[in-house]
Amino acid sequence: MYPYGYYQGYLPQPSGHFTPEFQQFEQFEQYDSDRQPTQLERRVTALERQNQDQSREITRLNRQLTNLTDQVRMLNQTVDRHTRRLNRLNQRLRAVENRLNIPFTPFEGEF
């Protein structure tokens, strides 16, 4: 967990004699692996979890965007088909109007 064997609560043993404080630290060091995670570790874990949640949400939104893009493409194709059909019908109508000598006035409001 700590780089280079460093531990925050480490008190170096004075050279030449053994102190009760260091003996207490050795007992604490046995339980170091069982200790509660530090605030920093909890924060890192929370950020990793948040990152995973955000990644899942981005993936879901990308799928949704892909689906919407596909729907827009299909609607555009439908609009294009209807536009071509209307243009053909208008051409046929103009041909009939020309054959029957019906004057065309676009602002009449009637057919």
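Scroll up a little and you will see the structure.
As a convention, each chain's residues are numbered from 1 in the sequence order in which they are written. Under the rules for a predicted model, residues below a pLDDT of 70 receive no local features and side-chain atom pairs below 80 are neither given nor counted, while totals for whole chains, interfaces and linings still include all residues. Hydrogens are left out, water is left out, and the side-chain values use all remaining heavy atoms of the structure.

Right, let's get into the overall build of the protein chain. For helices the rule is a DSSP run of H or I covering at least 4 residues; for strands it is a run of E covering at least 2, with both sets numbered from the N terminus onward. For the protein chain, the count of helices and strands is two helices and zero strands. Buried, partly exposed and exposed residues are distinguished by accessible area as a fraction of the type maximum, computed with a 1.4 Å probe on protein chains only: under 20%, between the cut-offs, and over 50%, respectively. Considering the protein chain as a whole, with its 111 residues, one finds that 5% of them fall into the buried category. Calculation of accessible area relied on Shrake-Rupley with a 1.4 Å probe; when residues are assessed, cover is drawn exclusively from the protein chains displayed. When the accessible area of the protein chain is evaluated, it comes to approximately 10700 Å², of which 54% is carbon and sulfur surface.

A few words now on a positive patch on the surface. Residues enter a patch when their relative accessible area is above 30% and they make no salt bridge; the linking distance is 9 Å between like charges and 5 Å between nonpolar side chains (Val, Leu, Ile, Met, Phe, Trp, Tyr). What makes a salt bridge here is a side-chain nitrogen of Lys or Arg within 4 Å of a carboxyl oxygen of Asp or Glu, nothing more. In this tally, Asp and Glu contribute negative charge and Lys and Arg positive charge; neither His nor the terminal groups of the chain are included. To locate a charge, the coordinates of NZ of Lys, CZ of Arg, CG of Asp or CD of Glu are taken. Together, Arg81, Arg84, Arg85, Arg88 and Arg92 make up a region of like positive charge exposed at the surface. Note that Arg84 resides in helix H2 (residues 39-99).

Turning to H2, a few remarks are in order. To estimate how far a helix should reach, multiply one less than its number of residues by 1.5 Å. Over its 61 residues, H2 runs 88 Å from end to end, which matches the ideal 90 Å to within 8%, given 1.5 Å per residue. After H2 finishes, the residue Asn101 shows a positive phi value of roughly 55 degrees.

On to the pattern of salt bridges, then. Scanning all chains against the criterion turns up four salt bridges. Measuring nitrogen to oxygen at the nearest pair gives 2.9 Å for the salt bridge that ties Asp70 to Arg73. With Asp70 and Arg73 both in helix H2 and three residues apart, this pair spans about one turn of that helix. Arg73 gets classed as partly exposed once you look at its relative accessible area, which sits at 45%. Note that Arg94 is salt-bridged to Glu97, the shortest N-O span being 3.6 Å. One end of the pair, Arg94, and the other, Glu97, are both in helix H2, three residues apart, so they sit about a helical turn from each other. The exposure class of Arg94 is partly exposed, given its relative accessible area of 33%. By relative accessible area, Glu97 is classed as buried at 12%.

Looking at where Thr45 falls in the secondary structure, it is placed in helix H2. The partly exposed category is assigned to Thr45, whose relative accessible area is 37%.

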